[in-house]
Amino acid sequence: MTVLGRRSVLAIASLLAFVPLWGCGMKGPPQAPVVLVPAAVAELAVQRLGDEVSIGFVLPTANEDRSEPASLERVDVYAMTTQPRLPPERTLELEEFMEAATLVASLDVAPPPEPEEADADGGREGEEARAETAAAETPPPEADAGDEARRQGDPVLLTEVLTPEIEVPVDPWEEERERRLEQEAEAREAEEEDGADEPERPVMVPLMTPPLPGPLQREYLVVQISEDGDESEGGERIVVPLGVRPPEPPPAPEVVYTESTVDLTWELPPGVRETVQGPVTDDPAGDGEDAVEAGGVEAPAEGDVAGDADTAGDADTAGAADTAGADGTEGPAGAAGSREAPSDEAPASDDASVEDEAAGSDEAAGSDEAERDAGGDVPGEPGAAEAGGGEDAPADDVEEPAAPSTRLESRPIVEWPPASTYEIFEVSESDEGAPAAPLRLSEAPLEAPSYSEPRGEYGVERCYALRTLDVVAGFEVRSRLSPVTCVTFVDTFAPAAPEGLTAIGSQGEVSLLWRPNDEEDLAGYLVLRGLPGDETLQPLTDAPLVENTYRDVTAEPGVRHVYAVVAVDDAATPNMSEPSGRVEAAAR
């Protein structure tokens, strides 16, 4: 038996340790290199304000795979003016768009700061120092695009002025369209050669005019470029219409404020769009007036139908009271004026009676024409039937209530653009003294030329301005900013007069008590005193009282005094309320 030495055992153990590695020596498929592409910009918004277009967004802080920080070197903004066709053209790829568009702006983005090493003790001093350094190095949002490079997460606001040169359209699909037309022509020629022996069929031309190109539009696109030069499209492509005149701004708003609210009103700007078709309102009265105004048709009332079937015959004969004899024959139409019910035993009519009845009908017709000329109700006419007709009308012939009016459903054949709306802004200055971006006050556009909000702080100036907003082809077009109206709120509103004043005389004094006021700016109360018959009362206290009670120890015993209380606020120039109701009392 061979005994291995210690060195031999170690050598064998080392060889056995490498055996698993020999089995995994095969190479796997090559892995694709990781390409970091910055994510799309956030909060992308494009607005047309008069003859200017503002482009705003926030620089990304991460990549498309959500890794941070973003591999972002710069951001380019492109714009292209086109005149769309029907049917719409193919959407351009990113490279095609960049080649045909114009570079509006290019912003360099500074690389993210390198993470600093923490303090040796790991305390909060290092974190606070890093936060202060980052805040000092970050430029303000209002900085120009030409200033130092922006940092990831910074907001960006660019402006492009719409000049006549910008409104010249480009056609990046022209070569593709011509090539497609050539291919279609070649295909038709080939079909004609194949079917040369067949009789030619007439060409069917549609009876319609070819569609015209749409209005000019300018499309904006933001592109992110990574540190490796890879390009990615940032957000959606936003279109701004150019073939429309921006609306005019309203005049400067008029500002009126109360103790609790601020009310703004303004006049309509010239050329404002107004509502063309209003909503159809209900007609609770049932008179049909609203229905006629709204384009509906008023339904005839049941009382307008001439006559009743039992007394006036068939209603379809315009109210003629058809009288029937015993033999079942219908009576003459001239007897319609008579409301007498036929008897059970009516004599047979001979020729003479027929002639007499015909003559009577002629006379009745003549009298009817005379009454019609005079403006009266004619027997047998619908109006006479509604009113009850002749003298022998039955008692149960009661006029029924008019039926409610009906409206016909309709749809306008012309789609009118929506009415103009308004946006109200607060205009202020930044801390550096430069004008800051206007702050929109209303969440939604205003349809009426008025706006109300809670009153601001007293002694502070606030400035207001307006814009007119029109919707064109689904896009919002805004006017330039209106003239600004500034107002400084001054407290000129006095508290309410105290109520419930009561005076009780006792030994050597008069005690006063009243209900407290609930104004937030209440400073206190002043107590007034005088003699009966005095028009003016004099204050007993130099400073306002905080409590709603007072003891007059200076009252002369046995002499009746008149008391009143006024409330005072804490304004710079105090406002006093009207005096409370007067009371009389005397000390004992």
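The following refers to the structure shown.

Calculation rules
- In this convention, every chain numbers its residues from 1, walking through the sequence in written order.
- At least 70 in pLDDT is required for a residue's local features to be given in this predicted model, at least 80 for side-chain atom pairs to be given and counted, and no such filter applies to totals for whole chains, interfaces and linings, which use all residues.
- Excluding hydrogens and water, the side-chain values take into account all heavy atoms of the structure.
- Here, strands pair whenever DSSP counts at least two bridges between them.
- Helix and strand assignments follow DSSP, with helices taken as H or I runs no shorter than four residues and strands as E runs no shorter than two, numbered in order from the N terminus.
- An axis is simply a line fitted to the C-alpha atoms; with a helix, the fit covers only the stretch in contact. Between two such axes, the angle follows the N-to-C directions and lies from 0 to 180 degrees.
- Think of it in three bands: with a 1.4 Å probe and only protein chains considered, a residue is buried below 20% of the maximum accessible area for its type, exposed above 50%, and partly exposed in between.
- Any N or O atom pair separated by 3.5 Å or less is treated as a polar contact, with the protein-specific requirement of one donor-capable and one acceptor-capable atom, and with residues adjacent in sequence counted only for side-chain atom pairs.
- Whether two residues are in contact is decided by their heavy atoms, any of which lying within 4.5 Å being enough.
- Here, the term nonpolar core denotes a set of buried Ala, Val, Leu, Ile, Met, Phe, Trp, Tyr and Cys residues that are joined through side-chain atoms within 4.5 Å.

1. Some words on the sheet that holds strand 3 (residues 74-82)
Move 1: Ordered by their spatial adjacency, four strands build an open sheet running 4-3-6-7, and the pairing between neighbours is antiparallel. Either end of the sheet is taken by a strand with one partner, and the two such strands are strand 4 (102-108) and strand 7 (231-241). Each strand of the sheet is rotated relative to its neighbour by a mean of 15°, with strand direction disregarded.
Move 2: Relative to strand 6 (residues 217-225), strand 3 is paired through nine bridges, and the arrangement is antiparallel. The partner of Y78 across the bridge, within strand 6, is L221.

2. Focus: the side chain of T82
Move 1: Here T82 lies in strand 3.
Move 2: Look at T82 and you get buried, because its relative accessible area is 3%.

3. Considering the sheet that holds strand 21 (residues 560-569)
Move 1: If you walk across this open sheet you meet the four strands as 19-18-21-22, and the pairing is antiparallel. Each of the sheet's edge strands pairs with one partner strand only, and the pair in question is strand 19 (538-539) and strand 22 (583-586).
Move 2: Alignment of strand 21 against strand 22, held across four bridges, turns out to be antiparallel. Counted as the bridge partner of H561 is A585 from strand 22.

4. Digging into the side chain of T468
Move 1: Following the sequence through the fold, T468 ends up in strand 13 (residues 461-472).
Move 2: In this structure the side chain of T468 is engaged in a polar contact, spanning 2.7 Å, whose partner is the backbone oxygen of E248.
Move 3: In contact with T468, other than residues within four places in its own chain, are P247, E248, P249, P250, P269, S420, T421, Y422, V477, R478 and S479.

5. A word on the nonpolar core
Move 1: V46, V53, I55, F57, V75, L158 and Y220 are the most contacted members of the largest nonpolar core, which has 28 residues in total.
Move 2: Taken together, the elements giving at least two residues each to this core come down to strand 2 (52-58), strand 3, strand 4, strand 5 (155-161), strand 6, strand 7 and strand 14 (475-478).
Move 3: Sequence-distant contacts of Y220, defined by excluding residues within four places in its chain, comprise V46, V53, I55, Y78, A79, E160, L162, E236, R237, I238 and V240.
Move 4: Ranked by size, the runner-up nonpolar core spans 16 residues in total, among them V510, V527, V565 and A567.

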